[in-house]
Amino acid sequence: MWRAKIITIYPEMFPGVLGYSIIGKALKDKIWSLDTINLNEFGFDKRNSIDDSPFGGGPGMVIRPDVVERAVMSILKNLKIKIPLVYMTPSGRPLNQQDIVRFSQQKGIIILCGRFEGVDIRVIDSLGFEQISIGDYVLTGGEVAAQVLVEGCVRLLPGVLGHAESILEESFSENLLEYPHYTRPKIWVDKSGNKHHVPDILVSGHHEKIKEWRKEKSIEITKKYRPDLLKK
Ligand code: SAM
């Protein structure tokens, strides 16, 4: 079973989106497991504080390294397997599908969700957290980012997707975005009376030509929206 262990000050935010659809079903079917570790239980003083003001001044609070270390140790002491530690942070390396594949092939993942100004970097370095960002924007906490990462991994676990072959064709395989999709009606008339046709090739029944057309469209869309992928 693939294990997700999430360190957060808001355990009630989980499973969140992970409780729905095929991901939620896979959780019920025990293809993967989810544990939340409440960082607030590892505070350091009478008030159980987990954060303090930043050295060097500046706004906001920073999560203390000793608090994070205690939370991580509480997980590791009962864990007989080795799984990666990931800190969700906008200063990390941007998450991509190769990372998702790599994490899904491990036995699970431990994810630290930051809050406030973030986490004292010393514990991130000393425990060997990989720093991952879900994009060039700033959220208030790492919980949504953690759910993005876990959802990406769980859908790749054997037995989760109904059509395993769809993974081979979707966006980012071969560094391409996916081709466009069409379904019924064959001619769709929008509310302004404009007719939108499905490309003839897709209803021709000619599988080889459809494959070629899809590949061309993939390249065209990738050139337009993500030329950086083609350079890889
Ligand atoms: N002071 C930080 C900065 O400027 O980079 C932002 C901290 S943010 C308000 C609080 C927490 O939200 C972070 O520690 C991180 O866990 C999470 N977070 C925010 N944006 C994120 C992103 N793009 N990717 C992953 N985690 C993010």
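The structure presented is a predicted model; accordingly, all values stated were derived computationally and were not measured. (Residues numbered from 1 in each chain as written. Predicted model: local features only at pLDDT ≥ 70, side-chain atom pairs only at ≥ 80, totals over all residues. Heavy atoms only, no water.)

A. Quick look at the site of the ligand. Around the ligand there are 21 residues in total, and Tyr-87, Met-88, Gly-114, Tyr-137 and Leu-139 lie nearest to it. Taking Gly-141, its main chain carries an N or O atom lying 3.4 Å from an oxygen atom of the ligand. Protein coverage of the free-state accessible area of the ligand, which is 580 Å², stands at 83%. Every element with two or more residues in the shell around the ligand is listed here: strand 5 (85-94) and strand 7 (130-133). Of all the elements, strand 5 adds the most residues to the shell around the ligand, at 5 residues. Broken down by class, the residue content of the shell around the ligand amounts to 10 nonpolar, 9 polar and 2 charged. (Near = heavy atom within 4 Å. Polar contact = N/O pair within 3.5 Å; in protein donor to acceptor, adjacent residues only side chain to side chain. Areas by Shrake-Rupley, 256 points an atom, 1.4 Å probe, with all protein chains shown as cover. Helix = DSSP H or I, 4+ residues; strand = E, 2+ residues; numbered from the N terminus. Nonpolar A, V, L, I, M, F, W, Y, C, P; charged D, E, K, R; others polar.)

B. Examining the packing of aromatic side chains more closely. Within the structure shown, the criterion is met by 1 aromatic pair. Summarising the aromatic geometry, the rings of Tyr-182 and Trp-213 are spaced 6.5 Å apart at their centres and angled 55° between planes, so their arrangement reads as tilted. Taken together, the positions of Tyr-182 in the loop between helix 6 (166-169) and strand 8 (187-189) and Trp-213 in helix 7 (residues 207-225) put the pair 31 residues apart, joining distant regions of the chain. Residue classification places Tyr-182 among the partly exposed positions, given a relative accessible area of 42%. On the basis of relative accessible area, Trp-213 is assigned to the buried category, the value being 14%. Sitting above the plane of the Phe-44 ring, Arg-64 keeps its charged end 3.5 Å from the centroid. (Phe/Tyr/Trp six-rings, centres within 6.5 Å; stacked < 30°, edge-to-face > 60°. Buried < 20%, exposed > 50% of the residue type's maximum accessible area, 1.4 Å probe, protein only. Lys NZ or Arg CZ within 6 Å of the ring centre and 35° of its normal.)

Keep in mind these values describe shape, not function.
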